[in-house]
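Examining the three-dimensional arrangement
Okay, here's what each chain looks like letter by letter:
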Amino acid sequence: MKKKETKPAPKKTAVEPIEDVEFYQQKLEALRNDLMMTVKKKKEEAIPEAEVGDEGDVAMRSLARDLVFEQTDNEHRLLDEVEAALRRIEKKMYGICEGNGERISIARLKAIPYARYCINCQSRFERQ
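Below, the structure is looked at part by part. Please read all numbers here as calculations on a predicted model, not as lab measurements.

Along the chain, Glu75 turns up in helix α2 (residues 55-90). If near-sequence neighbours (up to four positions away) are discounted, Glu75 is found in contact with Leu35, Thr38, Val39 and Lys42.

This is the structure in structure tokens:
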């Protein structure tokens, strides 16, 4: 019985990061600045001057303040994603999926410049 010869698997070449990262870097930096201004503004608005009112007024102000802090928390998470994308640009890893090491499509990066995963990995993670 002849033993089948197995060919070694072809070596994967490293995926090159995307070209024209300056465009995405500018877009990410503008988004970061907008988010930082929004967070600062919302925090200033969240702590209004003490007003006299009944218990209902106090409860409404408290509820509004909680809502602002929740929105600010979401913006902080987005800000973390943007800053992580800027670090990936510095490390020359921008545009490479963290899930499978493949290149993230340009269309996806244009829509979501801080994307960490290609569309296939992202949808797989969302189903879990």
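Counting across every chain of the model gives three aromatic pairs. With a centroid separation of 5.0 Å and 85° between ring planes, the pair formed by Phe23 and Tyr24 is classed as edge-to-face. For Phe23, a relative accessible area of 35% puts it in the partly exposed group. Since its relative accessible area comes to 3%, Tyr24 is described here as buried.

Inspection of the secondary structure puts Glu83 in helix α2. Separated by 55 residues in sequence, Glu83 and Leu28 place their C-alpha atoms 8.0 Å apart.

With 17 residues, the main nonpolar core has Leu28, Tyr94, Cys97 and Leu109 as its most contacted residues. Counting residues per element, the ones that place at least two in this core are α1 (21-46) and α2. Ranked by residue count, the leading element in this core is α2, at five residues.

Negative charge collects at one region of the surface, where Glu16, Glu19, Asp20 and Glu22 lie side by side. Inspection of the secondary structure puts Glu22 in helix α1.

Once that is clear, we can look at the pattern of salt bridges. When their charged atoms lie close together, side chains carrying opposite charge are able to pair. A full pass over the atoms with the stated rule returns three salt bridges. A salt bridge links Arg116 to Glu81; its shortest N-O distance comes to 3.9 Å. You can see Arg116 sitting in the loop between α3 (106-111) and α4 (119-127) and its partner Glu81 sitting in helix α2, a full 35 residues away along the chain. Assessed through its relative accessible area of 26%, Glu81 is described here as partly exposed. Here Glu98 makes a salt bridge to Arg116, at a shortest N to O gap of 2.9 Å. Of this pair, Glu98 sits in the loop between α2 and α3 while Arg116 is found in the loop between α3 and α4, placing the two residues 18 residues apart along the sequence.

About the cut-offs
- Residues numbered from 1 in each chain as written.
- Predicted model: local features only at pLDDT ≥ 70, side-chain atom pairs only at ≥ 80, totals over all residues.
- Heavy atoms only, no water.
- Helix = DSSP H or I, 4+ residues; strand = E, 2+ residues; numbered from the N terminus.
- Contact = heavy atoms within 4.5 Å.
- Phe/Tyr/Trp six-rings, centres within 6.5 Å; stacked < 30°, edge-to-face > 60°.
- Buried < 20%, exposed > 50% of the residue type's maximum accessible area, 1.4 Å probe, protein only.
- Core = buried A, V, L, I, M, F, W, Y, C linked by side-chain atoms within 4.5 Å.
- Patch = residues over 30% accessible without salt bridge, like charges linked within 9 Å, V, L, I, M, F, W, Y side chains within 5 Å.
- Areas by Shrake-Rupley, 256 points an atom, 1.4 Å probe, with all protein chains shown as cover.
- Salt bridge = Lys/Arg side-chain N within 4 Å of Asp/Glu carboxyl O.
- Lys, Arg positive; Asp, Glu negative; His and termini not counted.
- Charge placed at Lys NZ, Arg CZ, Asp CG, Glu CD.

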